[in-house]
Amino acid sequence: MPDELTGKVAIVTGGASGIGRGTAQRFLTEGARVVIADVDRERGAAFAADCGPNAAFKHTDVADAEQVRELVAFTVQRFGGLHIMLNNAGISGARHPRLLDEDFSDFQRIMAVNLLGVMLGTREAARHMAGHGGGSIINISSVGGIQPAPGLWTYHTSKASVIMFTKCAAIDLGEYAIRVNCIAPANIETPILSSVLAVHVPEQEKAQFMSAVRKFIMSRQPLRRQGTTDDIAEAAVYFGSDRSSYVSGTVLPVDGGMLAGTPATSNSFEDIVKRAKPA
Ligand SMILES: NC(=O)c1ccc[n+]([C@@H]2O[C@H](COP(=O)([O-])OP(=O)(O)OC[C@H]3O[C@@H](n4cnc5c(N)ncnc54)[C@H](O)[C@@H]3O)[C@@H](O)[C@H]2O)c1
């Protein structure tokens, strides 16, 4: 159904890359006007310029309360309102396979972006929406916030917290016709996974390594295909549109069925990594 978001104004944080970029594009196709907010000024501004007059870029660090307040003010001034807030910006931090080796050096930054960023985005959007007939707030968590796994200790913890915060906010903001829902993606093809897993892999071997990692992940999910940013955009359009007007406080996994369980034919991670190494 095209034009599902006609007349609506949306903010997409982390909109310069990956899921945010794909979803911003889809929101525009559906008739919304979109503010792309990101710390990456160059990519964000270039992307917004490519998108035409219904898009604008606002440089924003979601971990900074004042900048998030300014983002909402900018959006309302530029496009006359705010109906959809997609709190998507996120970072993974360094991976430490064993907890005994974790130094928590990136704890503050991960929590500030992934959790405080979502909390600030929700509050600032709600402050506007509460006096203007409501709206839809969509927070991006992760299957990693539901399914425990070692390695990204702070990341997983931050994403679990996003789910709890989403539900608390949904309870509190319903009175203003503000809906708050959460999407939990897994295995979507964006730069984030390689930025954490392939740090020590030489540049010329990165593509081969990531292809092996992707194959491993796909072997662990019932639907054997790579997730795309379109898959997440589809869910975001549903939550942003009036089709979900009676839905709040939910968490929708978009994960190829991963949370349902692991197929019996799955490989072990170490086998895959070993096989990916050049002889
Ligand atoms: N790709 C996946 O498989 C996957 C799985 C689960 C969850 N997620 C979540 O989806 C969201 C988007 O991730 P992605 O895969 O598109 O990654 P990505 O790295 O492609 O995009 C993240 C964007 O967020 C921006 N960003 C980072 N810190 C910011 C800050 N402080 N303020 C504003 N913008 C900031 C980056 O510049 C980048 O443009 C993240 O929250 C991530 O945790 C992704």
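Residues numbered from 1 in each chain as written. Predicted model: local features only at pLDDT ≥ 70, side-chain atom pairs only at ≥ 80, totals over all residues. Heavy atoms only, no water.

(A) Structural view of the environment of V199. Summarising the element assignment, V199 is placed in the loop between α6 (191-197) and α7 (206-219). Measuring from C-alpha to C-alpha, the distance between V199 and R109 comes to 19 Å, with 90 residues separating the pair along the chain. (Helix = DSSP H or I, 4+ residues; strand = E, 2+ residues; numbered from the N terminus.)

(B) Quick peek at a nonpolar patch on the surface. Taken together, the side chains of L99, F104 and F107 make up a nonpolar region of the molecular surface, amounting to roughly 270 Å² of accessible area. Tracing the backbone through its elements, the reader meets F104 in the loop between β4 (84-87) and α4 (107-129). (Patch = residues over 30% accessible without salt bridge, like charges linked within 9 Å, V, L, I, M, F, W, Y side chains within 5 Å. Areas by Shrake-Rupley, 256 points an atom, 1.4 Å probe, with all protein chains shown as cover. Salt bridge = Lys/Arg side-chain N within 4 Å of Asp/Glu carboxyl O.)

(C) Expanded view of the side chain of S141. The topology assignment puts S141 in the loop between β5 (135-140) and α5 (153-173). Overall, the relative accessible area of 2% leaves S141 in the buried class. A distance of 2.8 Å separates a polar atom in the side chain of S141 from the backbone oxygen of K159. Dropping the residues within four chain positions of it, S141 is found in contact with K159, V162, I163, C182, I183, A184 and P185. (Buried < 20%, exposed > 50% of the residue type's maximum accessible area, 1.4 Å probe, protein only. Polar contact = N/O pair within 3.5 Å; in protein donor to acceptor, adjacent residues only side chain to side chain. Contact = heavy atoms within 4.5 Å.)

(D) View of the packing of helix α3 (residues 65-79) against α4. The interhelical angle for the contact between α3 and α4, taken along N-to-C directions, is 40 degrees, at an axis separation of 9 Å. The way α3 lies across α4 gives a crossing that is right-handed. Residues A65, V68, R69, V72 and V76 of α3 lie in contact with α4, whose contacting residues are L120, G121, R123, E124, A125 and H128. Residue composition of the contact of α3 with α4, by class: six nonpolar, two polar and three charged. (Axes fitted to C-alpha atoms, helices over the stretch in contact; angles between N-to-C directions. Left-handed = near helix turned anticlockwise from the far one by under 90°. Nonpolar A, V, L, I, M, F, W, Y, C, P; charged D, E, K, R; others polar.)

(E) Representation of the sheet that holds strand β6 (residues 178-185) within the structure. Taken together, the seven strands give an open sheet; going across it, the order is β3-β2-β1-β4-β5-β6-β7, and neighbouring strands pair in parallel fashion. Since the sheet does not close on itself, it has two edges, and those belong to β3 (55-59) and β7 (251-254), each with one partner. Neighbouring strand axes in the sheet, compared pairwise and without regard to direction, differ in orientation by 20 degrees on average. Across five bridges, strand β2 (residues 33-38) lies against β3 in parallel orientation. Residue pairing for β3: D38 is matched across the bridge by H59. Here helix α2 (residues 41-51) sits on the sheet in contact with β2 and β3, set at roughly 165 degrees to β3. Against the sheet, helix α8 (residues 229-240) touches β4, β5, β6 and β7, its axis set at about 165 degrees to β6. (Pairing = 2+ DSSP bridges.)

(F) Fine view of the pairing of β4. Alternating residues of β4 divide into I84 and L86 and M85 and N87, and every residue in both groups is buried. For strand β1 (residues 9-13) and β4, the ladder comprises three bridges, and the chain directions are parallel. Note on β4: the bridge partner recorded for A10 is I84. Note on the crossover from β4 through α4 to β5: the handedness is right-handed. (Right-handed = clockwise from strand over helix to strand, strands pointing away.)

(G) A look at α2. For α2, the complete set of buried residues consists of G44, F47 and A48. Here the buried residues of α2 occupy an arc of 100 degrees about the axis, which is enough to place them on one side. In this structure, α2 carries E42, A49 and D50 as exposed residues pointing more than 90 degrees from its buried face. If you follow the buried residues of α2, they end up packed against α1 (18-29), β2 and β3. Just beyond α2, the residue with positive phi is G52, at close to 95 degrees. (Arc of directions from axis to C-beta.)

(H) Structural context of the pattern of salt bridges. Within the structure shown, the criterion is met by 10 salt bridges. Note that E124 is salt-bridged to R127, the shortest N-O span being 3.1 Å. Placement of both E124 and R127 in helix α4 is noted, with a separation of three residues, approximately one turn of the helix. In this structure, a network of salt bridges that share partners links the residues R26, E30 and E234.

(I) Seen up close, the site of the ligand. Residues in contact with the ligand amount to 28 residues; listed here are only the nearest, S17, I19, D38, Y155 and T190. Separating a nitrogen atom of the ligand from a backbone N or O atom of T60 is a distance of 3.4 Å. In the model, a nitrogen atom of the ligand is placed 3.0 Å from a nitrogen or oxygen of the V62 main chain. Elements with a contribution of two residues or more to the shell around the ligand: α1, α4, α5 and α6. (Near = heavy atom within 4 Å.)

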